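What follows is the residue order along each chain.
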Amino acid sequence: MSTALQSLFWGLVSGSALVVGAAIGYYTNLSRRLVAGIMAFGSGVLISALSLELMEEAFRRGGFDSTAIGFIGGAAVYTLANVALARYGAKHRKRSGTQQKNDGGDDGGGGMAIAVGSLLDGIPESIVIGVSMIAGGTVSMVAVAAVFLSNVPEGLSSAAGMKKAGRSAHYVFVMWTIIAIVCGLASLSGYAIFSRFSDEVIAATNAVAAGAILTMLADTMIPEAFESAHDYTGLITVAGFLASFVLSKAG
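On a predicted model such as this, the values are computed, not experimentally measured, just so you know.

Novice: Could you give an account of the layout of surface pockets, with specific residues and numbers?
Specialist: Computed from the structure, the second largest pocket encloses a volume of approximately 160 Å³. Forming the walls of the second largest pocket are 13 residues, and the residues nearest its centre are Pro124, Ile127, Val208, Ala209 and Ala212. Listed by contribution, the elements that provide at least two residues to the lining of the second largest pocket are helix 2 (32-90), helix 3 (111-131) and helix 6 (199-229). Among the residues making up the lining of the second largest pocket, the classes are represented as eleven nonpolar, two polar and no charged.

Below is the structure:
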């Protein structure tokens, strides 16, 4: 299998976790506290991955300037896009409670905004998977595992909220399947496009993704985790960080 096809495959693998999480969230009645705990664990996994994988790799390739500019730039772009989408009904897209019922939008729940917002969350992570294959032609299994483990609670929490907002199973699973496919294509693009650029550009790309992911965690996943599991959110997040750290060192 060519490296390009491998990048597509691993992007689809990590993206499929969104569908798995959506199925769990839609067809089971997990308590909000348990969902919040899963979100906290996934947040810790991603914080570890962006710290130990993305930022370290960005600094190694491009130095401090490219890394810092990309990191701040990714956070700024994500924030502006997230603010715009929130106005159209995507503010509570990661919430598992009834918050989505109160989101705006022409369809009463901001369905298109939720879909676009979920893409906004998933694409930076997927691009990183493709970019990780540029140097040696093999994927970073730490990146794949981190994105997979974080996508399950994202899909779970969001689908649970969509169900409570009155959305049909057909709507939920078509949306998440499309998003999973786009994540696979984003991973392919990360390899195909950025393999032609310099180390500085690749470094900035990793840093942009890291900034966007960290901002997403602060804006969407951690608030959902804290709302229902605030007494244990920090401890569970640390457990997720440690799991990813051990995985990175074991690899």
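Novice: How would you explain the UniProt feature "transmembrane region" (unreviewed entry) in the protein chain if you had to name every residue and give the values?
Specialist: Feature annotation in UniProt assigns "transmembrane region" (unreviewed entry) to the following positions: residues 6-27, 34-55, 67-86, 127-149, 169-194, 201-218 and 230-248. Measuring from the first to the last C-alpha atom of residues 67-86 gives 28 Å, for a span that is 100% helix and 0% strand. End-to-end, the C-alpha atoms of residues 201-218 are 26 Å apart, and along that stretch the chain is 100% helix and 0% strand.

Novice: So what about a nonpolar patch on the surface? Which residues, and what values?
Specialist: Taken together, the side chains of Phe241, Leu242, Phe245 and Val246 define a hydrophobic patch exposed on the protein surface, amounting to about 330 Å² of accessible area. Here Val246 shows up in helix 7 (residues 233-250). Residue classification places Val246 among the partly exposed positions, given a relative accessible area of 47%.

Novice: Could you give an account of helix 1 (residues 3-27), with specific residues and numbers?
Specialist: Taking 1.5 Å as the rise per residue, helix 1 with 25 residues should run 36 Å; its terminal C-alpha atoms sit 36 Å apart, in good agreement. Taken as a whole, helix 1 has its buried residues at Ser7, Gly11, Ser14, Gly15, Ala17, Leu18, Gly21, Ala22, Gly25 and Tyr26.

Novice: How would you explain the packing of aromatic side chains if you had to name every residue and give the values?
Specialist: Counting across every chain of the model gives five aromatic pairs. Summarising the aromatic geometry, the rings of Phe9 and Trp10 are spaced 5.0 Å apart at their centres and angled 70 degrees between planes, so their arrangement reads as edge-to-face. A residue is classified by how much of its surface remains accessible, and Phe9, at 39% relative accessible area, is partly exposed. When the centroid spacing of 5.3 Å and the interplanar angle of 75 degrees are considered together, the rings of Tyr26 and Tyr27 count as edge-to-face. Assessed through its relative accessible area of 11%, Tyr26 is described here as buried. A residue is classified by how much of its surface remains accessible, and Tyr27, at 57% relative accessible area, is exposed. Ring pairing ties together the aromatic residues Tyr26, Tyr27 and Phe173, which thus form one cluster. The aromatic ring of Tyr26 is capped on one face by Lys163, whose charged end is 5.4 Å from the ring centroid.

Novice: How would you summarise the environment of Gly42 if you had to cite specific residues and measurements?
Specialist: Here Gly42 lies in helix 2. Between the C-alpha atoms of Gly42 and Ser150, which are 108 residues apart in sequence, the distance is 4.3 Å. Every residue in contact with Gly42, bar those within four places of it in the chain, is listed here: Leu149, Ser150, Pro153 and Met221.

What counts and how
Residues numbered from 1 in each chain as written. Predicted model: local features only at pLDDT ≥ 70, side-chain atom pairs only at ≥ 80, totals over all residues. Heavy atoms only, no water. 1 Å grid on protein atoms, 1.4 Å probe; cavity = no way out; pocket = protein on both sides within 12 Å on 5 of 7 lines; lining within 4 Å. Points joined across faces, edges and corners; volume = space filled by probe spheres on them. Helix = DSSP H or I, 4+ residues; strand = E, 2+ residues; numbered from the N terminus. Nonpolar A, V, L, I, M, F, W, Y, C, P; charged D, E, K, R; others polar. UniProt positions renumbered as here; feature names shortened; annotations may be inferred. Patch = residues over 30% accessible without salt bridge, like charges linked within 9 Å, V, L, I, M, F, W, Y side chains within 5 Å. Areas by Shrake-Rupley, 256 points an atom, 1.4 Å probe, with all protein chains shown as cover. Salt bridge = Lys/Arg side-chain N within 4 Å of Asp/Glu carboxyl O. Buried < 20%, exposed > 50% of the residue type's maximum accessible area, 1.4 Å probe, protein only. Expected span 1.5 Å × (residues − 1). Phe/Tyr/Trp six-rings, centres within 6.5 Å; stacked < 30°, edge-to-face > 60°. Lys NZ or Arg CZ within 6 Å of the ring centre and 35° of its normal. Contact = heavy atoms within 4.5 Å.

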